[in-house]
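Spelled out, the chains give:
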Amino acid sequence: MANILVTGGAGFIGSHTCAALLEKGHDIVVVDNFSNSKPEALKRIKTITGKDFKFYELDILDFDALDKVFKENKIDAVIHFAGLKAVGESVQKPLEYYHNNITGTLMLIKAMRENGCKKIVFSSSATVYGVDNPVPYVETMPTHTATNPYGYTKVMIEQILTDVSVSDSEWSVALLRYFNPIGAHKSGLLGEDPNGIPNNLFPYIAQVASGKREFLGVYGNDYDTPDGTGVRDYIHVMDLADGHLCAVDYVLAHTGVEAVNLGTGKGSSVFDVLHAFEKACGKELPYKILPRRAGDIAWCYANTDKAKELFNWQAKYDLDEMAADGWNFTKKNPNGL
Ligand code: NAD
Ligand code: UD1
């Protein structure tokens, strides 16, 4: 078992992954600045697992603070979730996004190198496939264009980590390209808790179901898809967490750099997600067709062969289970965490 530093461990995907790491018997050290999360998430990880762990409230832009974490703990590998992730906001605030995500990652890698820790699992995104590649997305496709500053931070950080690993063969890097993570922990204690009006489909539907929003706005029903709405590869956040356990094992045992898709390989439309949620909460949910959202594409889903071959990992949960677990979290936490 290893000691894993988790940056952004209080966030949506980070908190579920921390719970999974502890359940598997790993030790963790968590850092977060709570810019998009709450301390309550850390308490709940402890409640779920019955285990304690070290936490440092720090900004990854602060090299000295990170360096201290490495000096005070023997870290075997890092899972790097910390970053800003709102696509629309990144268009409004590109400097803040580039600084937080890229400079933050540079500080982290520097602290890792100076303390002899050269194994990292990075949260990348399907957004690196841009708009020109055909679905399903395969890891070998070109990834050098994005459609917004957030996407470019992922493209650039993938490049930086690749260059670092080329420069020093002791590095081991997994670039995990997530598709659309949704759902929640089975306990209903952890889940997605966005600030303000949700940008993403699933938390928006959850708020319609809980009565916080009047109706779902469906962004376009004239795409070239079976029901005209956008198709995405939704993946249960616990499947995603499980993928991180495999990626940690992989980087601990290998060197070099690998990009790996974490998706189900199956596409679902906006109406598929809406209907799954209706089934979960037992009522019809109102919606209205709105114009297309700028920057959206019709199709996005993964080819998942590489994750199967390299990690022996495959998503287990279907859309109904994602919706049931998401609704369970919403019901139990009407005001979030
Ligand atoms: P999240 O916002 O819930 O979690 C990110 C965490 O990082 C938050 O707790 C936040 O407080 C922390 N953080 C941000 N900047 C920091 C800094 N400078 N110093 C310390 N902590 C900082 O987001 P999430 O959905 O859990 O996503 C985790 C990672 O996965 C992000 O890098 C995101 O870009 C990536 N990702 C997410 C999705 C998705 O749909 N959720 C999809 C693809 C990739
Ligand atoms: C978005 C981001 C992407 C990011 C991903 C995960 C954009 C353009 N892309 O992807 O970079 O990696 O989130 O965080 O923001 N929809 C509605 N009504 C809504 C919300 C969404 O109809 O209120 C539709 C969208 O048009 C899309 C689907 O639902 O077809 C999924 O949208 P969303 O959850 O925002 O994810 P992505 O657009 O795939």
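The structure we're discussing is the one just above.
Let me sum up the structure you'll find in this document. (Residues numbered from 1 in each chain as written. Chains lettered and ligands numbered in written order. Predicted model: local features only at pLDDT ≥ 70, side-chain atom pairs only at ≥ 80, totals over all residues. Heavy atoms only, no water.)

### So, the pairing of strand 2 (residues 27-32)
The condition is simple: To sort residues, take the accessible area from a 1.4 Å probe on protein chains only and compare it with the maximum for the residue type: under 20% means buried, over 50% means exposed, and anything in between is partly exposed. By the criteria applied, helices consist of DSSP H or I runs no shorter than four residues and strands consist of E runs no shorter than two, each listed in order from the N terminus. In this description, strands pair whenever DSSP reports at least two bridges between them. By convention, a crossover is right-handed whenever its connection, traced from the first strand over the helix to the second and viewed with the strands pointing away, goes clockwise.
Within strand 2, five of the six residues are buried, which leaves the element mostly enclosed by the surrounding structure. Note that strand 1 (residues 3-7) and strand 2 share five bridges and pair parallel. Bridge pairing in strand 2 places V6 opposite V30. Taken together, strand 2, helix 2 (residues 39-49) and strand 3 (residues 54-57) constitute a β-α-β crossover, and its handedness is right-handed.

### So, the pattern of salt bridges
Condition: Just to be clear on terms, a salt bridge is a Lys or Arg side-chain nitrogen sitting within 4 Å of an Asp or Glu carboxyl oxygen.
Evaluated as defined, the whole model comprises 20 salt bridges. Close ionic contact of D249 with K24 constitutes a salt bridge, the shortest N to O distance being 2.9 Å. Separated by 225 residues along the polypeptide, D249 in helix 8 (residues 237-253) and K24 in helix 1 (residues 12-24) bring together distant segments of the chain. For D242, the salt bridge identified is with K316, shortest N-O distance 4.0 Å. Here K316 lies in the loop between helix 10 (305-311) and helix 11 (319-332) and D242 lies in helix 8, a separation of 74 residues in the sequence. Using a relative accessible area of 25% as the deciding quantity, one classes D242 as partly exposed. Because the salt bridges share partners, they merge into one network encompassing E40, K43 and R44.

### Remarks on the sheet that holds strand 14 (residues 299-300)
Strand order in the open sheet formed by three strands is 12-9-14, with mixed pairing between adjacent strands. Two strands in the sheet have a free side with no partner beyond their single neighbour: strand 12 (268-269) and strand 14.

### Here we look at the packing of helix 7 (residues 201-209) against helix 11
Threshold: The angle between two axes is taken between their N-to-C directions and runs from 0 to 180 degrees, where each axis is a line fitted to C-alpha atoms and a helix contributes only its stretch in contact. For classification purposes, an angle smaller than 35 degrees is called roughly parallel, one larger than 145 roughly antiparallel, one from 65 to 115 roughly perpendicular, and anything else oblique. Crossings are classed by handedness, with left-handed meaning an anticlockwise turn of the near helix from the far one by less than a right angle and right-handed meaning a clockwise turn. Should any heavy atoms of two residues lie within 4.5 Å, those residues are considered in contact. Amino acid classes used here: Ala, Val, Leu, Ile, Met, Phe, Trp, Tyr, Cys and Pro are nonpolar; Asp, Glu, Lys and Arg are charged; the rest, including Gly, are polar.
In contact at an axis separation of 10 Å, helix 7 and helix 11 are set at 55° when each is read in the N-to-C sense. When the interaxial angle is binned, helix 7 and helix 11 end up oblique. Crossing of helix 7 against helix 11: the hand is right-handed. Contacts from F202, A206 and A209 of helix 7 reach helix 11 at M322, A323, G326, W327 and T330. When grouped by side-chain class, the residues that make up the contact of helix 7 with helix 11 number six nonpolar, two polar and no charged.

### Quick notes on the site of ligand 1
Defined as follows: Put simply, a residue is near a molecule or strand once any heavy atom of it comes within 4 Å of that molecule or strand. A 3.5 Å cut-off defines polar contacts: any pair of N or O atoms within that distance qualifies, except that in protein one atom must be a possible hydrogen donor and the other a possible acceptor, and neighbouring residues in sequence count only when both atoms are side-chain atoms. For accessible areas, the Shrake-Rupley method is used with a probe of radius 1.4 Å. Any residue's cover is judged against the shown protein chains and nothing else.
Among the 26 residues in the neighbourhood of ligand 1, the closest are listed as I13, D32, N36, S37 and N100. One nitrogen or oxygen atom from the main chain of F12 is found 2.8 Å from an oxygen atom belonging to ligand 1. In this structure, an oxygen atom belonging to ligand 1 sits 2.8 Å away from a side-chain N or O atom of K85. Relative to its unbound accessible area of 820 Å², ligand 1 is 95% covered by the protein chains. For the shell around ligand 1, the secondary-structure elements that each account for two or more residues are helix 1, strand 5 (119-125) and helix 6 (149-167). Take the shell around ligand 1: its biggest share by element is three residues, from strand 5.

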